[in-house]
Amino acid sequence: ETGVTQTPRHLVMGMTNKKSLKCEQHLGHNAMYWYKQSAKKPLELMFVYSLEERVENNSVPSRFSPECPNSSHLFLHLHTLQPEDSALYLCASSLSSGSELSDTQYFGPGTRLTVL
Amino acid sequence: AQKITQTQPGMFVQEKEAVTLDCTYDTSDPSYGLFWYKQPSSGEMIFLIYQGSYDQQNATEGRYSLNFQKARKSANLVISASQLGDSAMYFCAMREGRNNNDMRFGAGTRLTVKP
């Protein structure tokens, strides 16, 4: 495996379900990110982790709960979601969490989430 | 406030021709970085090119070049010799020096390359 991988690629869940999205990076990076991409809206940053510590949380509802057990893995735990949470959830990683402006974020293929 | 503006929701280009995708940005920070990403229908965001605010020359990466006009706050992407595989969404993004955890993205431009 190379780059950034995400599983599952597609997920359909009911509003009362609990599910988790998984992201894994094979680039030796120290920072990982969750983004939400909704139809007709710009990409929104949700969470930033640097060396397994959360450094940014952009006022995301508590029904989204991130977890970063090590610098290679990132999870997004979902519970009691709403239909408006349906979107493409993208994971990204970078060498650092922004100490260098040129640090490029590399993205996974995303998880297409549908909440019924 | 919207920091990145991409005014072209959709663009068409003939195969083998060049195309320019527009991006303007808004910041008062003298230190910032600009990125372009390509998103095919598969969903993955693919990094294309980077330009730093202090870079003296326009960035180039293969068929991609960035027309950086600092005074006008524009960072247009130029794709030369378009190929059918270039059909995708293209996003401009900016990271500011004072808040460089946060990368702001534009709304994107959908490019369609016609055979």
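Up top is the structure these notes are about.
What you see is a predicted model; the values in this text were computed from it and never measured. (Residues numbered from 1 in each chain as written. Chains lettered and ligands numbered in written order. Predicted model: local features only at pLDDT ≥ 70, side-chain atom pairs only at ≥ 80, totals over all residues. Heavy atoms only, no water.)

Q: I'd like to hear about the overall build of chain B, residue by residue, with values.
A: Helix and strand counts for chain B stand at 0 helices and 12 strands. For chain B, the sequential pattern of α-helices and β-strands runs β-β-β-β-β-β-β-β-β-β-β-β. Computed over the C-alpha atoms, the radius of gyration of chain B is 14 Å, within 12% of the 13 Å expected from 2.2 N^0.38 for a compact globule of 115 residues. Reported as C-alpha extents along the three principal axes, the dimensions of chain B are approximately 45 × 30 × 20 Å. (Helix = DSSP H or I, 4+ residues; strand = E, 2+ residues; numbered from the N terminus. Rg over C-alpha atoms; globule rule 2.2 N^0.38 Å.)

Q: Talk me through the environment of B:Met103; I want residue IDs and the actual numbers.
A: Here B:Met103 shows up in strand 11 (residues 103-105). Placed 27 residues apart in sequence, B:Met103 and B:Asn76 show a C-alpha to C-alpha distance of 18 Å. Dropping the residues within four chain positions of it, B:Met103 is found in contact with A:Tyr35, A:Gln105, B:Phe35, B:Tyr37, B:Ala93, B:Met94 and B:Arg95. (Contact = heavy atoms within 4.5 Å.)

Q: Give a detailed account of the interface of chain B and chain A, specifying residues and quantitative values.
A: The partner chain A presents 26 residues to the 24 residues of chain B that form the contact. If you sort the residues of chain B by the area they bury against chain A, B:Arg95, B:Asn101 and B:Phe105 come out on top, with a joint share of 32%. The interface formed by chain B and chain A holds 0 salt bridges in total. Counting across the chain B and chain A interface gives 5 residue pairs in polar contact (both at pLDDT 80 or more). If you list the elements that add at least two residues to the side of chain B that touches chain A, you get strand 5 (32-39), strand 6 (46-52), strand 10 (88-96) and strand 11 of chain B. Examining the composition of the side of chain B that touches chain A, we find that 5 residues originate from one element, strand 5 of chain B, more than from any other. Here the side of chain B that touches chain A is built from residues that sort into 10 nonpolar, 10 polar and 4 charged. (Buried area = accessible area lost by both parts, 1.4 Å probe. Salt bridge = Lys/Arg side-chain N within 4 Å of Asp/Glu carboxyl O. Polar contact = N/O pair within 3.5 Å; in protein donor to acceptor, adjacent residues only side chain to side chain. Nonpolar A, V, L, I, M, F, W, Y, C, P; charged D, E, K, R; others polar.)

Q: Give me the lowdown on the pattern of salt bridges, citing residues and values where you can.
A: Close approach of charged atoms lets side chains of opposite charge pair. Tallying each qualifying case throughout the model produces 4 salt bridges over all chains. The closest approach of N and O atoms between A:Glu44 and A:Lys41, which form a salt bridge, is 3.6 Å. Between B:Glu96 and B:Lys3 there is a salt bridge, with the nearest N and O atoms lying 3.2 Å from each other. Within this pair, whereas B:Glu96 is found in strand 10, its partner B:Lys3 is found in the segment before strand 1 (4-5), the two being separated by 93 residues in sequence. Given the relative accessible area of 8%, B:Glu96 is considered buried. (Buried < 20%, exposed > 50% of the residue type's maximum accessible area, 1.4 Å probe, protein only.)

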